[in-house]
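Notes for the structure review
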Amino acid sequence: MGRLNEEDFAVLKGPLVSGRQSPSGLGPILFISVFLQALVFSLEYFMVGPNTVFPYKDKIIEIHLYFTVALIILSLVFAIPMVYRKFNRIQYLISILVSQNLFSISLFICALFLIGEVTGGEVVSAEKLLKVTYLILSCGLVIFIATCVRFFILLKKGHYRKGSERDHVRGQLEKNTTLLIFPAIVFGLIIVFIVGYIVRIMPEFNIDSILITTIGIGLFFVMLFVLPEQLVILYCKYKYKSFNFNERGYLYSSEDQNEG
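As the structure is a computational prediction, the values presented were derived from the model and not from experiment.

Once that is clear, we can look at the pattern of salt bridges. Under the counting rule described, the total for this entry stands at 3 salt bridges. Between K13 and E6 there is a salt bridge, and its shortest N-O distance comes to 4.0 Å. Of the two residues, K13 and E6, neither departs from the other in class, the shared state being buried. Here K59 and E62 are joined by a salt bridge, their closest N and O atoms 3.9 Å apart. Of this pair, K59 and E62 are both found in helix α3 (residues 57-77), 3 residues apart, which corresponds to roughly one turn of the helix.

Within the secondary structure, S33 is located in helix α2 (residues 23-48). Look past the residues within four positions of S33 in its chain and what remains in contact with it is S75 and V98.

Below, the discussion takes up unusual backbone geometry. Of note in the backbone geometry, Y56 takes a positive phi value of approximately 60° without being a glycine. Mapped onto the elements of the fold, Y56 is located in the loop between α2 and α3. Note on Y56: relative accessible area 64%, which makes it exposed.

Right, let's talk about α2 for a bit. For an α-helix, the turn length of 3.6 residues means that residues three or four places apart are oriented alike. Compared with an ideal rise of 1.5 Å per residue, which puts 26 residues at 38 Å, α2 spans 35 Å between its outermost C-alpha atoms and is within 8% of the ideal. Taken as a whole, α2 carries its principal kink of about 30° at S33. Where α2 is buried, its residues meet α3, α4 (81-84) and α5 (88-115).

Let's shift gears to the nonpolar core. Membership of the largest hydrophobic core comes to 23 residues, with the highest contact counts inside it found for L112, F113, I136, I194, I217, F220 and F221. When residues of this core are traced back to their parent elements, those giving at least two are α2, α5, α6 (126-156) and α9 (207-239). For this core, the leading source of residues is α5, giving 8 residues. Beyond its immediate sequence surroundings of up to four residues, I194 is in contact with L135, I136, C139, I217 and F221. L16, L154, L155 and Y160 belong to the second largest nonpolar core, which has 20 residues in total.

Let us now look at the side chain of N244. Tracing the backbone through its elements, the reader meets N244 in the segment after α9. On the basis of relative accessibility, which here comes to 3%, the residue N244 falls in the buried class. In this structure the side chain of N244 is engaged in a polar contact, spanning 2.6 Å, whose partner is the backbone oxygen of K237. A polar contact of 3.2 Å, which involves the side chain of N244, links it to the backbone oxygen of Y240. Those residues in contact with N244, other than ones at most four positions away along the chain, are N88, R89, K237, Y250, L251 and Y252.

Turning next to the packing of aromatic side chains. How two aromatic rings sit relative to each other is given by the distance of their centres and the angle of their planes. For the structure on display, the rule yields 10 aromatic pairs. An angle of 45° between the planes, with centres 5.9 Å apart, marks the rings of F9 and Y240 as tilted. Of this pair, F9 sits in the segment before α1 (14-18) while Y240 is found in the segment after α9, placing the two residues 231 residues apart along the sequence. Within the aromatic cluster, the residues linked to one another by ring pairs are F9, Y235, Y240 and F243.

Here α3 crosses α5 at 155°, and the two axes come no closer than 11 Å. By the angle class used here, α3 and α5 are roughly antiparallel. Handedness of the α3/α5 crossing: left-handed. Where α3 approaches α5, its residues K57, I60, I61, H64, F67, T68, L71, L74 and S75 are matched on the opposing element by I94, L97, V98, N101, I105, S106, I109 and F113. Per-class residue counts for the contact of α3 with α5 are 11 nonpolar, 5 polar and 1 charged.

So, how was this worked out
- Residues numbered from 1 in each chain as written.
- Predicted model: local features only at pLDDT ≥ 70, side-chain atom pairs only at ≥ 80, totals over all residues.
- Heavy atoms only, no water.
- Salt bridge = Lys/Arg side-chain N within 4 Å of Asp/Glu carboxyl O.
- Buried < 20%, exposed > 50% of the residue type's maximum accessible area, 1.4 Å probe, protein only.
- Helix = DSSP H or I, 4+ residues; strand = E, 2+ residues; numbered from the N terminus.
- Contact = heavy atoms within 4.5 Å.
- Expected span 1.5 Å × (residues − 1).
- Bend = angle between axes of the 7 residues up to and from the residue.
- Core = buried A, V, L, I, M, F, W, Y, C linked by side-chain atoms within 4.5 Å.
- Polar contact = N/O pair within 3.5 Å; in protein donor to acceptor, adjacent residues only side chain to side chain.
- Phe/Tyr/Trp six-rings, centres within 6.5 Å; stacked < 30°, edge-to-face > 60°.
- Axes fitted to C-alpha atoms, helices over the stretch in contact; angles between N-to-C directions.
- Parallel < 35°, antiparallel > 145°, perpendicular 65-115°, else oblique.
- Left-handed = near helix turned anticlockwise from the far one by under 90°.
- Nonpolar A, V, L, I, M, F, W, Y, C, P; charged D, E, K, R; others polar.

Spelled out as structure tokens, the structure:
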């Protein structure tokens, strides 16, 4: 990353320029996430937790509880204008952790607990449950590494410079959803393979559980696909001043890079 220049990351500044990921834009989102995180954890603890035989479920719930409570407190703190105007880098880091916890970790845990749900019939063995977990995590690791490598190659080739083809593609993405067909097919095939394997090892598995499990695993993969870009933007915020906002809520310009 040290071999790249600020111009190589120019396209990634788009969400900051538009205001979608500005401090004032993230503040209300973090406030709303407080209630969403509490809701999703409640579903994990009260709805799927008591009926599962997933190994180490109590320890998983305990660790996730501490993690979620810490994020809820930080979300409240960094939703305050006086705080996020001075520490917008930390606020962006918190937003990454919150999004991953809300749409990836929480739903992934719920999906795993549903796979080990006791429905009155035969109980799935701990060995099979751990095997499914390792399979999902292995696929997630492959997706994350492949996305990182692809992202780095595109950065080196200048695809994220202003005026590049990538800049045009990102601008047209919302208008032309066909650009998402190939990634959707890849994710779909992986999920179908995993869910098919889960159904084969489960003694009883109703359609509702299949749907919720599929959504949980699918979002887990999608958030791993998004994570590298989130981390690169965070890297740019710490390295380049022009990726940050002043206390009046405006982006610094590239000319301000060496000031302050």
